[in-house]
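Residue-level structural notes
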Amino acid sequence: MKQRDLKYSCLIAVLYFGMNVNAQTTPKDTAVKEQKIEEVVLIGYGSQKKENVTGSIGIVSAKDLADKPNANPISSIQGKLSGVQILNSGAPGSSPRVDIRGVGSLTGKTVFVVDGMITDDISFLNPQDIESMSVLKDPSSLAIYGARASNGAVIIKTKAGKGKKPVFSFNSYLGFKKVTNIPEMANSDQYIELYNEKLRNENVTDPTKFLSRSNFPADTNWFKEIFRTSIINSNDFSASGNLGKLNYYGSIGNLQDEGNLAAGRGINSGSGFNRLNTKLNLTYKITDNITIGNNFSFSKMRTDAAQNPLLDAYNAPPIFSTMNAATGDYQFFNGYSIPNPRAKLDLFRSQIRQERLLNNVWGEYNFLKDFTLRVSYTSDNINTSKYEYTPVQTYVPPTDQKVTKLITRDSRDRNYVWDNTLTWKKSFGSHNFEVLAGFSRTRNSYAETYAEAQNVPYDGTNESLSISNGTNVVIYDGIDRKDVNLNQDHYRIQSLFGRLNYDYKGKYLLNASIRRDGTSQISADDRNKIFPAVSVGWVVTKEDFMSEQNTFNLLKLRASYGKLGNPNVQRKYTLNVSSIAGGAYYGNTGYPAQTIDEIIDPNIGWETTSGGDIGLEMALFSNKLKIDATYFNKDSKDVVYGIVQGTVSGASNWNDFVTNAYSFNNRGFEASVNYNTKINENIGIGIYGNYTALKNEITSVYRDSYLAAGASLFGNSVIRLQEGQAVGSYYGYQVTGIFQTDAEAVASGQNGGLAKAGWFKFADLDGNGVIDTRDKTFLGSPIPKGTYGFGVNMNIYDFDFAIDFQGVFGNKIYNFNREQRFGNENWDLDFYNNRWRGEGSSNSYALTTNNQSVILPSSFYVESGSYIRIRNIQIGYNLPKAFTNAMSITKLRLYVSAQNPWTSFKYKGFSPEIMNTDRVQMGVDQNIYPISAIYTFGMNLTF
């Protein structure tokens, strides 16, 4: 049987034999599970009653993650939590970007604490294995993690065995993915019209330069050539239970995502993702006082990393065919600097294979009634192999053809975390204390080997792609090489920390913590930092004057302040030098010489984040309605990134001098509302909504400098980091209209009086009558003014229904796909319909041209990033008890779902959700892999 046939038949076989895992529960089960999750919240190195929590912590339960067609669990909670912005990529297996309460660092990432292991990537983790998440949002909650949590932290608890009897579960879904909102491009007739119009606008008179339809009969839609509808399939099996003193949970799962790039031609590998997971959690109670445990995870992942041809498909002229009919080979675009998108996709092969083993061993010893000693050791070993193979590119002229080239990268991550905590918990009358003291040591090491060879043959198997089969072999091992992006890394963090939780009658709450981190990443004089935090709370409903009211079940005020740091920043401890052959002359003879190539700062230190919040929590009407509202203010200082140093002469990095250069402020307001009620025993309804308002600002820059950064065209960068602006703000000319006549254009003085009718009219902001770089201004920010999510879920007898909406507003996108024109790229249909074609024809779109004086960074390319999306719709049906009992199973639920089926937006690209891992370019659309709509049919079965 073929693999594809096996995938399709898997779900059918499961339906026949009948099994289920972690299904969405019945109304009665749901109420019980939700209550347990709400009662206890995961915090750093422990847990706490939710009523006693004084920090800002978002809670995610297993049902928020189940049955969503996402490889990464974090993708499934997009729009579910206030203060948390999640940006997804459509690329299979990719990790989303998580920003908690704004941008705290330009290079750091949100970390995840999975069964004690701290990591910044959980793509290995099966969502079905997660029991709950806690998203720590405020510095006081994060400070207990010190150096690792400056960009936020998510604590993840995986499932454990429960109950006396074994429970077996199976989850499966099968679906298809389709890229939506594909931009419409000009067809061949329209392209030829625009091309010839461009020549006339540039005063070309040679008739041989113009195109005619008779010479170009093709009419190719390049997006149709590179996209396909693809299949996604997931199957997970788990078993849990109890064997005497041993609790166990084990699972195995497989996810296959074919990806939407049309693989299957040439030697390409496509863009698919395949993951195999195994999980085993064991807890053994040796005595009443001693418990040991092991949390084990192993995953194998394969990512088919085809070159992304989206930008080439956007630019490729439709007048060319994919194949040359005369030669049978790929069509070469003669006279164009644009590669054939189909050929680029087909004639490149790349795969990334990763094996990851994460193992957590822990033990707890309870003694003297009130003390608990916990020791935990977690190792995280990652082996990654990647290859990139480029054959002879026969679609270019023979003079430009190159021999085959194979590049391999093999990397090894060896990481561990050793935590030791001692907890004392005691009550003296109405005074309740919990004191935690701890010691932690972390080590991370990374090593990579790079190799390349030419003339490597390919016989259709990965085994043939071996460096030893080629010539001109180059191997770098255990060294840093900037020219091939090769890095080795090794660092350690050692920490002491403590925390006090105190409450009086559960009414007055105090949480105070302190952590001292020492890191090998910082020079000795600044190696150690202390991070304090304090938070307080007042449970008003426990006051005597609230005892007679029946409206509030909970009314709590809280406030917090904390500080933490980030040592994981870019730095260079040694000077870079470049050898220059014949660089020094004695007489007429040249001798090799060396010169300093870059000026560096060897004393780069910690980034620090500090801030606080004030919050209100309410539960009303028998806990049916819950409201949480918080104001937060967070400052990041000494943020490490580049700046312009005009006084440094001769250095290659004069415009990118890296140091502790920036300070940011993020402040805003977040609120969430949840309402759940049961109309009767068989009907229940839940409604939720959340909203976050955010303002980000660069508050200072080292020596009042700035940085021109991001995408660039003809030396004009589209982003500028400068005091008083938001991170990633766009910088260019403000378009006020279109010159309608040559006389108007000349009179403006723009471009030295050489402007013409149909050009953009740029604002003379300094009023000196000359349009130059001094008239550039800030054009908008990629950071939303507001993000929100809301949804409804219902249970009606055996049916359940849920719909989730998510959106953002107030942010801008820079459409760099549209701006970067170097020659004869295609135009989108919107431009064709609205371009300037003569006086009065348009006052917003310029004429057809490639003139560099017109195609400059400007407000024309800055578009609205606001959108509202249906994130998920799901309809489920639980088969009747009489049927399931007859089959000796506990539950069988079938469901259909749709993810991203509809999005409303004005942006003229694929999607307004721009996922750049580089926070400086977070809003620049340049060859971004688009979001897909995913439609699935699945089942959950428990027996």
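In this text, all values refer to a predicted model and were calculated from it rather than measured experimentally.

**Description of the overall build of the protein chain**
The secondary structure content of the protein chain amounts to eleven helices and 43 strands. Here the C-alpha atoms of the protein chain give a radius of gyration of 30 Å, agreeing with the 30 Å that 2.2 N^0.38 yields for 943 residues. If one aligns the C-alpha atoms of the protein chain with their principal axes, the spans along those axes are about 95 × 65 × 60 Å. Across the 943 residues that make up the protein chain, the buried fraction comes to 54%. Counted over contacts in the protein chain with a minimum sequence separation of 6, partners at least 24 positions apart contribute 72%. Accessible surface computed for the protein chain: about 40,300 Å², of which carbon and sulfur atoms make up 54%. Charge-centre separation for the protein chain: the mean point of 96 positive side chains lies 6 Å from the mean point of 89 negative side chains.

**Things to note about the pattern of salt bridges**
Tallied over the full model, the rule gives 42 salt bridges. Between Lys137 and Glu670 there is a salt bridge, with its nearest N and O atoms 2.8 Å apart. Placement of the pair is Lys137 in the loop between strand S8 (130-136) and helix H3 (139-142) and Glu670 in strand S28 (residues 657-680), with a sequence separation of 533 residues. Look at Lys137 and you get buried, because its relative accessible area is 7%.

**Remarks on unusual backbone geometry**
The residue Tyr45 is not glycine, and still its phi comes out positive at about 60 degrees. Mapped onto the elements of the fold, Tyr45 is located in the loop between strand S1 (40-43) and strand S2 (46-49). For Asn485, which is not a glycine, the phi torsion comes out positive at approximately 55 degrees. Note on placement: Asn485 falls in the loop between strand S19 (471-477) and strand S20 (489-504). A relative accessible area of 56% places Asn485 in the exposed class.

**Quick word on the confidence of the model for the protein chain**
Residue-level pLDDT values for the protein chain average 90, and 94% of them are 70 or greater. Across residues 1-38 the pLDDT falls below 50, and counting only partners more than four positions away or on other chains, this stretch makes 87 contacts in the model.

**Some thoughts on a positive patch on the surface**
Among the surface-exposed residues, Arg441, Arg443, Arg492 and Arg527 lie close enough to one another that they form a single positively charged patch. Counting through the fold element by element, Arg492 comes out in strand S20. Given the relative accessible area of 45%, Arg492 is considered partly exposed.

**Observations regarding the environment of Glu825**
Positionally, Glu825 belongs in the loop between helix H9 (816-819) and helix H10 (829-834). Taking the relative accessible area as the measure of exposure, Glu825 reaches 2% and is therefore buried. A sequence separation of 510 residues divides Glu825 from Asn315, and the C-alpha atoms of the two residues are 4.6 Å apart. When neighbours within four sequence positions are excluded, Glu825 is seen to be in contact with Tyr191, Asn315, Ile338 and Gln820.

**Here's the deal with the packing of aromatic side chains**
What the rule picks out here adds up to 41 aromatic pairs. Ring pairs connect the aromatic residues Tyr730, Tyr733, Phe760, Phe762, Tyr814, Phe816, Tyr845, Phe860 and Tyr861, which therefore count as one cluster. Of note, Arg481 hangs over the ring of Tyr476, and the distance from its end group to the ring centre comes to 4.3 Å. Above the plane of the ring of Tyr706 lies Arg720, whose end atom (NZ or CZ) is 3.7 Å from the centre.

**Points about the sheet that holds strand S39 (residues 862-864)**
As summarised here, the arrangement of the three strands in space is S39-S38-S42, forming an open sheet in which the pairing is mixed. In this open sheet, the two edge strands, each paired with only one partner strand, are S39 and strand S42 (924-925). Strand direction decides the pairing type here: strand S38 (residues 812-815) and S39, joined by three bridges, are antiparallel. From the neighbouring strand, Tyr814 faces S39, where its bridge partner is Val862.

**Side note on helix H4 (residues 188-201)**
Compared with the 20 Å implied by 1.5 Å per residue over 14 residues, the 20 Å span of H4 between its first and last C-alpha is a close match. Judged by how many residues are buried, H4 sits mostly within the fold: ten of 14 residues are covered. Every buried residue of H4 is accounted for by Ser188, Gln190, Tyr191, Ile192, Leu194, Tyr195, Asn196, Glu197, Lys198 and Leu199. Between the side-chain oxygen at the start of H4 and the backbone nitrogen of Asp189 there is a gap of 3.2 Å, and the oxygen is on Asn187.

Procedures and definitions
Residues numbered from 1 in each chain as written. Predicted model: local features only at pLDDT ≥ 70, side-chain atom pairs only at ≥ 80, totals over all residues. Heavy atoms only, no water. Helix = DSSP H or I, 4+ residues; strand = E, 2+ residues; numbered from the N terminus. Rg over C-alpha atoms; globule rule 2.2 N^0.38 Å. Buried < 20%, exposed > 50% of the residue type's maximum accessible area, 1.4 Å probe, protein only. Contact = heavy atoms within 4.5 Å. Areas by Shrake-Rupley, 256 points an atom, 1.4 Å probe, with all protein chains shown as cover. Lys, Arg positive; Asp, Glu negative; His and termini not counted. Charge placed at Lys NZ, Arg CZ, Asp CG, Glu CD. Salt bridge = Lys/Arg side-chain N within 4 Å of Asp/Glu carboxyl O. pLDDT = per-residue confidence, 0-100. Patch = residues over 30% accessible without salt bridge, like charges linked within 9 Å, V, L, I, M, F, W, Y side chains within 5 Å. Phe/Tyr/Trp six-rings, centres within 6.5 Å; stacked < 30°, edge-to-face > 60°. Lys NZ or Arg CZ within 6 Å of the ring centre and 35° of its normal. Pairing = 2+ DSSP bridges. Expected span 1.5 Å × (residues − 1). Polar contact = N/O pair within 3.5 Å; in protein donor to acceptor, adjacent residues only side chain to side chain.

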